[in-house]
Amino acid sequence: MTEHAGVVRGSAEDRVRSVLELLGDWLPRQRWYAGKGGGDPELVRLGGLQLNDVGGVPGPADVDVWFVQATTPDGVAVAYQVPLTLRTEPVPELEHAYVGSCDSYETGGGRRYVYDGPHDPAYLRALLRLLAEEGEAWAGEGAAFGRARAVRPPGGWAKDPDSPTRVLGGEQSNTSIIVDAEGNQPIIVKVFRVLAGGDNPDVVVQTALATAGSTRVAKPAGWVEGWWPVPGGKTPAHGHLVYGCEFLPGSRDAWREAIDAVAEGRPFVEQARGLGAATAEVHVTLARVLPTKPVDAAALDALADGLLARVDWAVDAVRALEPFTVAARTAADAVRHLDRAPDLQQVHGDYHLGQVLHSASRGWILLDFEGEPLRPLSERTAPDLALRDVAGMLRSFDYAARHSTVGLDPEDRRTLAAQAWAAACREAFLDGYAQGGAEDPREFAVLLRALELDKALYEVVYETRNRPTWLGIPLGAVRRLLVEAK
């Protein structure tokens, strides 16, 4: 960032301009930034919040939450929540979260060192205090509009604002912080980075399941909901900013357990059967406590049209799919002619082995009910087919089995062993799902195949663009679904 960025001109507007200049350089480099490859964004501050930090190590700071809209040259606009801390001295231990520096407009002036809030104890203290007190927060005087309030559901619990914290890495759309990991009731707090007007399904769905008595989700501890302006709109947007729920120490994600089993040559049949039963249990509970919708001819037409659009998009993006075009379109269009399909209901929406934990005391625990974070919230909260979650998990078993055999000959014993492992997990999962109280997915074979194909086509495009050496995994699935199955 050039040195002139953030020079003081003596007003709050100048400070906003200074920080936006810093964010213009910093924001596109974050993992959760949605506009990668779209060119330099134009940033506008929509609003913000001021939180109160009473001090501690490494000392007090100004804690500002910014609501920023980034518009790329192609006209795509995405709103973000960017918590920032502003300090009068640089903090070496926060170097990894450094955003930049600018001059202050307050009385006394001086340089301000700006950090990404979730990595700064000052922001975390202020956030935990807000949750503990079920408090409210507003924008400061002269700043753009913003308002927030914290909510604790019945049975939710607070944590000491000075509790030890640890930020998790590797997330694509949020920032999660583990609070008091060694305590009696540790929690994990998720800061939603991409702002979307409306209720976040991660909060709504898990709360509904927990209220219904389900032990297959983490118990909600509390959340923060906020209001921020919409450009050109008279009514502010409302949505969730932060969600906290219990943290389960000692648990392992199902992906890690599965790939360890593959590496060690161990079967995973019993685990897959149990996971199928747990998935069915969650789907049955969701159908009982949240709205459902019968599938009629119009819904089947819409589903078929969406599947056909995915085929055309994938074939246009990856030439290797061209030989499968006719068969893929036929499989997708077959959905239109079904005489029966399960009701639409609330689902997970982005289900795979990495979205499930195994706890020694609780068994399988499902996580992250956001759906695909970059899809519009209206799509993520709309009733869908539970079979879409089933298809996602079946594809995940395939990945767990085959990722270690990429590049091997199809007749290599390791390739054949992976194929047998995936097939055994598939049948065990479907058996468990049927035994868990839901309809057997195999009774809807045409629909399940179309949904698996839809997922595999997306994976082909993804791997072509991101991990070309893994392309054989989903491409092989397309071949099996369209050629070998026939």
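In case you missed it, the structure is sitting above this.
First things first, this report covers the structure right here in the doc. (Residues numbered from 1 in each chain as written. Predicted model: local features only at pLDDT ≥ 70, side-chain atom pairs only at ≥ 80, totals over all residues. Heavy atoms only, no water.)

1. Quick look at the overall build of the protein
Stage number 1. For the protein, the helix and strand inventory stands at twelve helices and 16 strands.
Stage number 2. At 24 Å, the protein has a C-alpha radius of gyration in line with the 23 Å of a compact globule built from 486 residues.
Stage number 3. Counting only C-alpha atoms, the protein reaches 75 × 50 × 45 Å along its principal axes.
Stage number 4. Of the contacts formed within the protein by residues at least 6 apart in sequence, a portion of 69% connects residues at least 24 apart.
Stage number 5. Looking at the protein, you have 50 positive and 67 negative side-chain charges, and the mean spots of the two groups are 2 Å apart. (Helix = DSSP H or I, 4+ residues; strand = E, 2+ residues; numbered from the N terminus. Rg over C-alpha atoms; globule rule 2.2 N^0.38 Å. Contact = heavy atoms within 4.5 Å. Lys, Arg positive; Asp, Glu negative; His and termini not counted. Charge placed at Lys NZ, Arg CZ, Asp CG, Glu CD.)

2. Some words on the nonpolar core
Stage number 1. Formed by 75 residues in total, the largest nonpolar core has its most connected members in L321, F397 and W421.
Stage number 2. The residues contacting L321, other than those within four sequence positions of it, are A314, V315, L457, V460, L475 and V478.
Stage number 3. Formed by 32 residues, the second largest nonpolar core is a distinct cluster that contains A61, L130, V189 and V224. (Core = buried A, V, L, I, M, F, W, Y, C linked by side-chain atoms within 4.5 Å. Buried < 20%, exposed > 50% of the residue type's maximum accessible area, 1.4 Å probe, protein only.)

3. Re the packing of helix α6 (residues 297–317) against helix α7 (residues 325–333)
Stage number 1. Direction vectors running N to C along α6 and α7 enclose 165°, while the axes themselves pass 8 Å from each other. When the axis of α6 is compared with that of α7, the two are roughly antiparallel. In this structure, the crossing between α6 and α7 has a hand that is right-handed. In this structure, α6 contributes A304, L307, L308, V311, D312 and V315 to the contact, and α7 contributes T325, A328, R329, A332 and D333.
Stage number 2. Looking at side-chain class alone, the contact of α6 with α7 contains seven nonpolar, one polar and three charged residues. (Axes fitted to C-alpha atoms, helices over the stretch in contact; angles between N-to-C directions. Parallel < 35°, antiparallel > 145°, perpendicular 65-115°, else oblique. Left-handed = near helix turned anticlockwise from the far one by under 90°. Nonpolar A, V, L, I, M, F, W, Y, C, P; charged D, E, K, R; others polar.)

4. Topic: unusual backbone geometry
Stage number 1. Even without being glycine, E134 reaches a positive phi, approximately 45°.
Stage number 2. Relative to the elements of secondary structure, E134 occurs in the loop between α2 (121–132) and β6 (136–138).
Stage number 3. Despite not being glycine, D368 shows a phi value in the positive range, around 55°.
Stage number 4. Within the secondary structure, D368 is located in the loop between β16 (363–366) and α8 (377–381).

Note that all results are geometric; they support no functional claim without further evidence.
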